[in-house]
Amino acid sequence: MTPLFISTSDFERIVRAWAGEKPVYAPITCGDHRSWARLSPENPVSLELDGIRAVEPLKTFYFRVRETVATYPGDTSFLDNEPGFVLIGAKNCDLRSLECLDKAFADSEPRDPFWVSRREKALVVGADCSEPAATCFCTLLGMEPYPQACFDLSVAVVSGGLVVEVGSEKGQKALDSVDGITIGPATDEQIAERDENRRRTREAVVEQNRQFETERPFTELVQTGYQSTAWAKYAGRCREDAACLAICPTCHCFVLFDQSKGESNERIRVWDFCYLRGYTRCGGGHTARATGSDRFKNKYVKKFEFFPAKFEMVACTGCGRCIEACLAKIDMRQVLHDVEESRGE
């Protein structure tokens, strides 16, 4: 579809209109980071559409940290009563995570009704990345630092406004929902400016990852390097606090438990993490991954072997959040690079 152009002020008018109808969230700078914040139509803030991704992954909007999934006795059917929401400024690493989690929660049986409903109702506006963090490595995975798929609308900041791409019928309807907005085809100059910005950002990501480049893809390194001596170097440092998994945009393990609530009972779903010692513990006390080394490697196996085998895509988006969150300063890029280097030992 032909790229469009809209002024910044007109786009902010559209956003205010959306915020009057349903929750709208966008990344807002807080100290040294950006965090998702709900926008108010009464107290608008300047949208930060370029720059880096937010700290929190998009999964938190769809796959809640903790939520009640059923109440019994009584009707346990899914109550679809949420209004939907709008996410503005999602970077490509987060958009790719939605594609990954769609595979797990929506494209295979049993489908997760919470995920499916929220995905169907949400409007997602992607945005180009212009200031990648030192931990970002999307290009090592063959991705780009700008939206490629899984968006309803995509925006790129250029002089005087935004170049807009429409990714779905839902996105087009959202653009058309406010009267008095001027929007038309982007000029060749505006598209050229966007493309030059993209080129510079991509080069920056590629350059900062030169030292982590491998001759073979990460998938092959994990599939053939399970016995590598390199794992032990990092497994011993891992504190098993699962910070990397909690902040990961694609990790989606959970556990269910029941509890009493007055005269009824609730079934609660909470996030769970394969780095925790009790994750694979069975009723008789047996643990499938009894050693820290096995637990440490499991994250890499899940992302680069199991997920590709089942869904034909890796469950890593190169966002770099795991590197930032790790108390032991373990860098996934370095781990995989060392696995390749160890093959000659």
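Above this text sits the structure in question.
Here goes a summary of the coordinates provided. (Residues numbered from 1 in each chain as written. Predicted model: local features only at pLDDT ≥ 70, side-chain atom pairs only at ≥ 80, totals over all residues. Heavy atoms only, no water.)

Details of the nonpolar core
- Of all hydrophobic cores here, the largest spans 57 residues; its most connected members are Tyr62, Tyr275, Phe296, Tyr300, Phe304 and Ile330.
- If you look at the next biggest cluster of nonpolar residues, it comprises 27 residues, including Phe11, Val164, Ala174 and Ile181. (Core = buried A, V, L, I, M, F, W, Y, C linked by side-chain atoms within 4.5 Å. Buried < 20%, exposed > 50% of the residue type's maximum accessible area, 1.4 Å probe, protein only.)

Regarding helix H1 (residues 8-19)
- For H1, with 12 residues, the first-to-last C-alpha span of 16 Å sits near the 16 Å given by 1.5 Å per residue.
- Where H1 is concerned, the buried positions are Asp10, Phe11, Ile14, Val15, Trp18 and Ala19. (Helix = DSSP H or I, 4+ residues; strand = E, 2+ residues; numbered from the N terminus. Expected span 1.5 Å × (residues − 1).)

Digging into the sheet that holds strand S7 (residues 153-158)
- If you walk across this open sheet you meet the eight strands as S3-S2-S5-S6-S7-S8-S1-S9, and the pairing is mixed. In this open sheet, the two edge strands, each paired with only one partner strand, are strand S3 (33-38) and strand S9 (183-185). Ignoring which end each strand starts from, the neighbouring axes of this sheet average 30° apart.
- Of the strand pairs in this sheet, S7 and strand S8 (residues 161-166) are connected by six bridges, and their pairing is antiparallel. (Pairing = 2+ DSSP bridges. Axes fitted to C-alpha atoms, helices over the stretch in contact; angles between N-to-C directions.)

Re the sheet that holds strand S10 (residues 254-261)
- Taken in spatial order, the three strands make up an open sheet running S4-S11-S10, and their pairing is antiparallel. The open sheet has two edge strands with one neighbour each: strand S4 (66-72) and S10. Each strand of the sheet is rotated relative to its neighbour by a mean of 25°, with strand direction disregarded.
- Two strands pair when backbone bridges link them, and S4 and strand S11 (residues 264-271) are joined in this way by six bridges, in the antiparallel orientation. By the bridge assignment, Thr68 is partnered in S11 with Ile268.

Here's the deal with the pattern of salt bridges
- Considering all chains together, one arrives at 30 salt bridges under this definition.
- In this structure, Glu324 and Arg53 form a salt bridge, with 2.9 Å as the shortest nitrogen-oxygen distance. Highlighted residues: Glu324 in helix H11 (residues 321-325) and Arg53 in the loop between S3 and helix H2 (59-62), separated in sequence by 271 residues.
- What makes Glu324 partly exposed here is its relative accessible area of 37%.
- According to the relative accessible area criterion, Arg53 is buried, its value standing at 5%.
- Two residues, Arg333 and Asp331, come together in a salt bridge whose shortest N-O distance is 2.8 Å. Judged on exposure class, the residue Arg333 and its partner Asp331 are both buried. (Salt bridge = Lys/Arg side-chain N within 4 Å of Asp/Glu carboxyl O.)

Points about the environment of Pro249
- As for its placement among the helices and strands, Pro249 is situated in the loop between helix H9 (243-247) and S10.
- Residue Pro249 is classed as buried on the basis of its relative accessible area, which comes to 3%.
- Excluding anything up to four places from it in sequence, Pro249 contacts Pro57, Lys59, Asp94, Ser97, Leu101, Thr317, Cys319 and Arg321. (Contact = heavy atoms within 4.5 Å.)

Some points on the pairing of S11
- In this structure, S10 lies alongside S11, joined through eight bridges in antiparallel fashion. Its bridge partner being in S11, Lys261 is matched across the sheet by Ser264.

A word on the packing of helix H10 (residues 292-311) against helix H12 (residues 332-341)
- The contact between H10 and H12 brings their axes to 12 Å, and the two run at 90°. One element, H10, and the other, H12, form an angle in the roughly perpendicular class. For the pair formed by H10 and H12, the contact residues are Phe296, Lys299, Tyr300, Lys303 and Phe304 on the first element and Met332, Val335 and Leu336 on the second. (Parallel < 35°, antiparallel > 145°, perpendicular 65-115°, else oblique.)

Let's talk about the packing of aromatic side chains
- Applying the stated criterion to the full structure yields 17 aromatic pairs.
- Pairing Tyr62 with Trp115 gives two aromatic rings, centres 5.1 Å apart and planes at 45°, and the pair type is tilted. One end of the pair, Tyr62, is in helix H2; the other, Trp115, is in helix H4 (residues 113-121), with 53 residues separating them in the sequence. Side by side, Tyr62 and Trp115 carry an identical accessibility label, which is buried.
- Here the guanidinium or amino end of Arg198 rests over the ring plane of Tyr146, the centre of that ring lying 4.1 Å away. (Phe/Tyr/Trp six-rings, centres within 6.5 Å; stacked < 30°, edge-to-face > 60°. Lys NZ or Arg CZ within 6 Å of the ring centre and 35° of its normal.)

Structural notes on the environment of Pro73
- Turning to its location among the elements, Pro73 is positioned in the loop between S4 and strand S5 (86-90).
- Along the chain, Pro73 and Phe11 lie 62 residues apart, while their C-alpha atoms are 48 Å from each other.
- Apart from the residues lying within four places of it in its own chain, the contact partners of Pro73 are Ser264 and Asn265.

What about the side chain of Arg333?
- Structurally, the position occupied by Arg333 is in helix H12.
- Assessed through its relative accessible area of 4%, Arg333 is described here as buried.
- For Arg333, the side chain forms a polar contact with the main-chain oxygen of Ala134, separated by 3.1 Å.
- Here the side chain of Arg333 touches Asn209 through a polar contact of 2.9 Å, side chain to side chain.
- The residues contacting Arg333, other than those within four sequence positions of it, are Ala134, Thr135, Cys136, Phe137, Leu140, Asn209, Phe212 and Ile323. (Polar contact = N/O pair within 3.5 Å; in protein donor to acceptor, adjacent residues only side chain to side chain.)

Nothing here speaks to function; it is geometry throughout.
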